[in-house]
Structures are given as structure tokens and as C-alpha cells.
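Residue-level listing of the chains:
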Amino acid sequence: MSNDCKKAYITTPIYYVNDVPHIGHAYTTIIADTLARYSRLIGLKTLFLTGTDEHGQKIQEAAKQRGKKPQEYADEISGKFRSLWDEFDISYDVFIRTTDEKHKLGVQKAFETMYKKGDIYKDDYEGFYCVSCETFFTKTQLVDNEFCPDCGKPTSIVKEESYFFKLSKYEQKLLEWYDDKDKCVLPKAKKNEVINFVKQGLNDLSITRTSFDWGVKLPKSINDPKHVMYVWLDALLNYITALGYGSDEKDMDFWPSTVHLVGKDILRFHAIYWPAFLMSLDLALPKHIGAHGWWTRNGEKMSKSKGNVVNPKEVANAYGLDNFRYFLLREVPFGQDGDFSQKALIDRINSDLSNDLGNLLNRIIGMSGKYADYTIDSKDVLKFHEKEIKIAEKTIETLSGYIYDLQLNRYLEELWKILTLANQSIAIYEPWMKMKEEKTDEALAIVALVANLLAKVTLLLSPVMPNTCAKIADSLGFIINPQNYDKLIIQKGLLNTFMIKKTPPLFPKIEKELLTTPSENSLKPESKDKKKDEGVVTIEQFFQTKLKLATILEAEEIPKSDRLLKLKVDLGEEKPRQIIAGIKEYYTPKDLVNTQVCVVSNLKPAKIMGYLSEGMLLAAKDKESLTLIRPEFHKKSGTPIG
Ligand code: MSP
């Protein structure tokens, strides 16, 4: 991050609305919030953008699985993100949704501009698509000729007419950019990965789809209504449409962005596609793209199926929001993966926050009350403690560098050196002895020294722990604002007087883990009672499986398969679904058409012999034969069973 133009534009990725917010989303957002708060504190005009990414096949399928319209589903999940950020006091200025009209206009304008420039052409696309990552792959990139190299899920073959963006044209220019702007991608190790990827050669990028319709339509001038935009083109453009690109242009003076915060999994889109799109649009390139690592839990990858996903709200409620923020930023060097455990969080709270920070404030309150009726001034600080003040100033000078390089853990480590200096000063100079020796001036100078050191730390820590720091500042009798930042940090000044207020301890020691969520329990060894219940499901568990009546519309054999039939079934939804069923030995296609069957309708779609299957038929099977389970009377397609 640089402050050369007195403006800062900070962004998070826009989050897919196919999942509720988890620790990964909270992590990116909290880093971005910290940078935005820091920028405001140092006096920059700041715009902080977050939002939701609502188009694409993944969202369309997620909505369908829940029997909802995509817009209705997107509204619901987008609302959850927004209210979590509000609860977390995230200081975003703009919350963008890719279904906003203003955004769609901007995306269409960008498409039109690139098209007119000759950077977009129409051709046929044949390749492999991972819906989960919304990414295209060539056959050679796949694992075992089928699976996505990024997430390991099966890919599907896409063969359709598509518009292409001439990504290959920008290969050389991108390499020049990486070379020219040392810190355009951070950290360095991640930048090198990007460079190596680009050096292997870039293929042109398919940027429209015709096989589904949940996306931004092409501009009217192109007149090709069956195409919708590829979700990553749509999504990346949010960073400029939020500023008014293609509509009112209101905030375009914030461009180029100061920093795009992203997870390492989506760096390639941001560090390759995005700058290439911008070059095509003749817009400036982002100053920094920062890629952070991933959080695991107790050493394991988080996943819904393992039930070990960390719910940020639960953690913040149990341990305190600011403590959680501190932990996330302090525990892991930016760019590296980190492990979440309650033990690690408790250690940070008890040691760094309670011992080093909280105790210092308590001692200042105690000493100032005892020696000076809670009022102290800084008049003798430089006389007795210039050395300590100089050491602290030197440390402070290095801090902005760490922020600029997104090394927030180093930033916090350096701040803690000042707290250590303050705590050590009390131990070394023993103000209580000075009082005994009736050297009151010296005793009060020590208290004023440490109060000033704490005030400086509080200002600089406030972007990370805003609420707690506001309380510490209040207790020391000042407020956190750009004016005091200027006075204490830039001008290296001291506070004239401190009117100390008593405050209850801010970080009571935590003796045991505070969260015992169902997911934690499920990680623990099974209890005896659980063994007894093995194989038994509750009614709630049973109803998690959604069974419905379906009418078979079409049935055909799958070539080269002895077992499989491909069915089109009506489940009372907008479009029929495809189901691949292993019933060919027992039924012919014509036995099936227009009959009704029972279907598991919320089964995760899967690929069977390269065909997408979006459900499962219920059947009873023994060694001799198989029979489908069917209703006694014909009922409306989609009627629930249960
Ligand atoms: N919609 C795209 C981003 C488009 S930006 C133009 C997307 N959304 S996402 O919801 O799937 O992910 C958003 C962010 O969450 C990513 O930066 C990703 O790295 C982060 N995380 C998801 N799981 C994570 C962890 N377990 N740990 C840390 N961050 C992780 O991608």
C-alpha cells in the first residue's frame, strides 16, 4: 500500500453466494478492514469495497438444489454476508452485488469496449469446466483426465459456441508489468508462481457461456442473446463498476486500486486475467494484489462434510471480536497457511493481550491513582527517559513499511516490542522505590513514559482492534483520530496530560476452551451412548434427504455402458433434470417414459461416465432383480415424499 496520492482504495474479493460466511471470508475481510482503517487514520481519503458474486453456473445450481430462483437465493445469502459484516463492524463504504443494475451496465460497457478494440472474437469452445471453481481447463491440465487440478472435483465437458478474450496478446505486457512493478503481487513467492505460470504461455480465454442463463447478457450492440458472460469477467469488473465505470463514473478518481486482497486460490484470476482486461480497457493497473494463505482447523482442511468449518460469529461471540481479529492477523505470516485452534487463540489472548497489553494499562491506572490522583503529565519524560522514547520512535518508523508490504504479523510484532519496552521500564526503574525515596518527579515521569508509549501503541493498534483501542484511549484520556495520529506518531509528540479513568480489565484470563460446538464434538472420540445409537437417525436427519415424485420425460441408453440409462425427469422445477440411473438391465427406455418414480432431489450433482447426474432414483434390489419404487397413483411432478 502506498500513500503517494492521498487516496486509498481497498477491496476484498466479492464472495460467492453459494455458501454462508466462514473464517476464510472473515479473514480476507478483516485484513482489508484493517488496511482501510489504517488508511483513514493516517489521513488518506479511503474507499473500502466488499460485496457478493452472484452469477454463474455454481449459484444457479445451488439455488436449484434448494428449490429457489437464483435471484431469491442470492438475495438471501448476500444479506447474510452483509449482516455479518455489519455485526463485525466492518467499515466498508460500498457493498456491491453483481446483480446490481449499475454493475451489469459497467460489465456490458467493458465487453463492448474490448470487442470494439478487437480483443474479443467468436469461436467454438471445447474443453473441460469445473463448476465449483468456475474455471476452464485443457485436457492436459486435468488430473486423471477428468478431475479439476485445483479442487479435485470432476469436471464436465463443455462444447459450445463462445466469445474469446485475446489473453495471449497480453502475455508479454503482463511479464513486463511484473518485472517493472516489484510489489504488484505480494508476497514475492506468490508473484513468482504467477510469473512461471504466464511464462508457460497463455491461451485465449472463453468469456461467454450458452449452456445456462444466470449471468449478465452481452451488450445489445452485439445482439447475441443466447450468451451470458463468464462469471469471472463479470466478477472482476466489480472493482471498477463499484466506482461508477459504465454508469455515473462518480468515484473513478479512486482508480487504480491500492490493494486487492485475495486468497491464494484466486490469485491467478486477479494477477493475470484482471490486469489483462484492464490493459485492454486502457485503464491503469492495480498497485498491489495481496494473496493470503488458507486456514485449516486443528491441522485439517475445513469442509462441510467433515463438520469442522469455523464459524466466525461463534468464535467472535465467545472470545471477543477484537481478540479474534488480533489472532487472525498475528498468528500467521501473510501469504502462509494457518491453523485455527482454540488453544492457539487462548494462548494469544492470555499472553499477548492480557499479560503484555492489559496488564500495562492496569499498572498505569494503579500507579497514577496511587501517586497522583489519576492525573499525570509528560513534562519530565524527555528529561529522564529520552533513551526509551528514541527507541520507540525508531521502531515506529519501520511500521508503515510492514503495512505497505502487507506483513501485518510483523507490524504487530514490532508494536509489541514497544509494549515490552514499557513493561521493562517499570521493572527496571521501579517507580514505587522512587516514591519511597521521595523522588516523586522521577516516579511520575516513569508513569508518564509508559502511558505515552501505550498511547502510541494504542493509536497504531487501533486499525486491528478498533473497539478495544477506543476503550484504552478513553481510559488514558485521549481519542483515536487522525489529528492525534499526526501529533503522537508523525510529529513524534507526547500527550501533555493524562486524565486516567479506571476501566475493568479488558482481557480477563481464559482458563478453558469456550466453544463446544457440534462440530467440535464430532471431532472428539464417540461416546458410549453414541455407539448405542449407531445406525439410528433422528427425524430431522431423515428430512435432510429431500424425496420427491418425478415424471420421466425421456430415456435413452448410454453407448458403451451395460448398466446406465440417461433420463430426463420433471421434478416440477423450471427445467427438467438429467439423471443417470444404473437400471438398463431391468428396464428399457420405452418402459419408462411417462411413468413416475421417486427421486432423491437434493443429492449433490455428480458426473457418471462423463454425464452429469442431478439426482437418484429409489429402487429395491436383491440378487435376482431390481424394481423401481413408484407411487400408487399418479401425482403432480415434484410432490414431496415423506
Ligand atoms: N467469487 C470469487 C471471488 C471473485 S473476486 C472478483 C470467490 N469467492 S469465494 O467466496 O469462494 O471466496 C472468497 C475468498 O475466501 C477467497 O479469497 C478465498 O481465498 C477465501 N477463502 C475461502 N476459504 C478459505 C480458508 N479456509 N482460509 C482462508 N481463506 C479462504 O472466490
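Up top is the structure these notes are about.
Quick look at the structure, then. Here the structure is a predicted model, which means the values were calculated and not measured. (Residues numbered from 1 in each chain as written. Predicted model: local features only at pLDDT ≥ 70, side-chain atom pairs only at ≥ 80, totals over all residues. Heavy atoms only, no water.)

1. A few points about the packing of helix 16 (residues 440–461) against helix 18 (residues 482–490)
When two helices pack together, their arrangement is given by the angle between their axes and by how far apart the axes lie.
Thinking step 1. At a closest axis distance of 10 Å, the pairing of helix 16 and helix 18 adopts a crossing angle of 125°. With respect to helix 18, the axis of helix 16 lies oblique. Two packed elements cross with a definite hand, and for helix 16 against helix 18 that hand is left-handed. Note on element contacts: helix 18 touches helix 16 through N484, Y485, L488 and I489, opposite A455, K456, L459 and L460.
Thinking step 2. In the contact of helix 16 with helix 18, the residues fall into six nonpolar, one polar and one charged. (Axes fitted to C-alpha atoms, helices over the stretch in contact; angles between N-to-C directions. Helix = DSSP H or I, 4+ residues; strand = E, 2+ residues; numbered from the N terminus. Parallel < 35°, antiparallel > 145°, perpendicular 65-115°, else oblique. Left-handed = near helix turned anticlockwise from the far one by under 90°. Contact = heavy atoms within 4.5 Å. Nonpolar A, V, L, I, M, F, W, Y, C, P; charged D, E, K, R; others polar.)

2. Considering the packing of aromatic side chains
A ring pair, where both rings are aromatic, is described by two values, the distance of the centres and the angle of the planes.
Thinking step 1. As enumerated under the stated definition, the model contains 28 aromatic pairs in all.
Thinking step 2. Seen from their ring centres, F269 and Y273 are 5.4 Å apart, and the 85° between their planes marks the pair as edge-to-face. Taken together, the residues span about one helical turn, with F269 and Y273 both in helix 9 (residues 267–280) at a distance of four residues. As far as the burial class goes, F269 and Y273 line up, both buried.
Thinking step 3. Judged by centre distance (6.5 Å) and plane angle (85°), the rings of F324 and F340 are edge-to-face. Here F324, found in helix 11 (residues 321–331), pairs with F340, found in strand 16 (residues 338–340); they are 16 residues apart in sequence, far enough to count as distant. (Phe/Tyr/Trp six-rings, centres within 6.5 Å; stacked < 30°, edge-to-face > 60°. Buried < 20%, exposed > 50% of the residue type's maximum accessible area, 1.4 Å probe, protein only.)

3. What to know about the packing of helix 13 (residues 381–404) against helix 16
Thinking step 1. The contact between helix 13 and helix 16 brings their axes to 10 Å, and the two run at 15°. In this view, helix 13 runs roughly parallel relative to helix 16, as classed from their interaxial angle. The handedness of the crossing between helix 13 and helix 16 is right-handed. Residue-level contacts link V381, F384, H385, E388, I389, A392, E393, I396 and L399 of helix 13 to D441, E442, A445, I446, A448, L449, N452, L453, K456 and L460 of helix 16.
Thinking step 2. When grouped by side-chain class, the residues that make up the contact of helix 13 with helix 16 number 12 nonpolar, two polar and five charged.

4. Overview of the environment of Y115
Thinking step 1. Looking at the secondary structure, you find Y115 in helix 4 (residues 101–116).
Thinking step 2. Spatially, the C-alpha atoms of Y115 and Y163 are 9.6 Å apart, while their sequence positions differ by 48 residues.
Thinking step 3. If we ignore the near neighbours within four places in the chain, the residues touching Y115 are I120, Y163 and I222.

5. Section: the sheet that holds strand 5 (residues 120–130)
Thinking step 1. Ordered by their spatial adjacency, four strands build an open sheet running 6-5-7-9, and the pairing between neighbours is antiparallel. With partners counted over all chains shown, the strands left at the sheet margins are strand 6 (135–137) and strand 9 (205–206), one partner each.
Thinking step 2. Its contacts with the sheet put helix 9 on strand 6, strand 7 (156–165) and strand 9, and the angle it makes with strand 7 is roughly 35°. (Pairing = 2+ DSSP bridges.)

6. Remarks on the sheet that holds strand 16
Thinking step 1. Across the sheet, three strands lie side by side as 15-14-16; this open sheet has mixed pairing. Among the strands making up the open sheet, the edge pair consists of strand 15 (300–301) and strand 16.
Thinking step 2. For strand 14 (residues 295–297) and strand 16, the ladder comprises three bridges, and the chain directions are parallel. Bridge pairing in strand 16 links W295 to G338.

7. Some words on the state of the cysteines
Thinking step 1. On inspection of all chains with the given rule, the structure shows zero disulfides.
Thinking step 2. Left without a disulfide partner, C133 is nearest to the cysteine sulfur of C151, which lies 3.7 Å away.
Thinking step 3. Judged by relative accessible area, C133 falls into the buried class, the value being 18%.
Thinking step 4. Here C151 is not disulfide-linked; the sulfur of C130 is the nearest cysteine sulfur, at 3.7 Å.
Thinking step 5. Judged by its relative accessible area of 30%, C151 is partly exposed. (Disulfide = S-S within 2.5 Å.)

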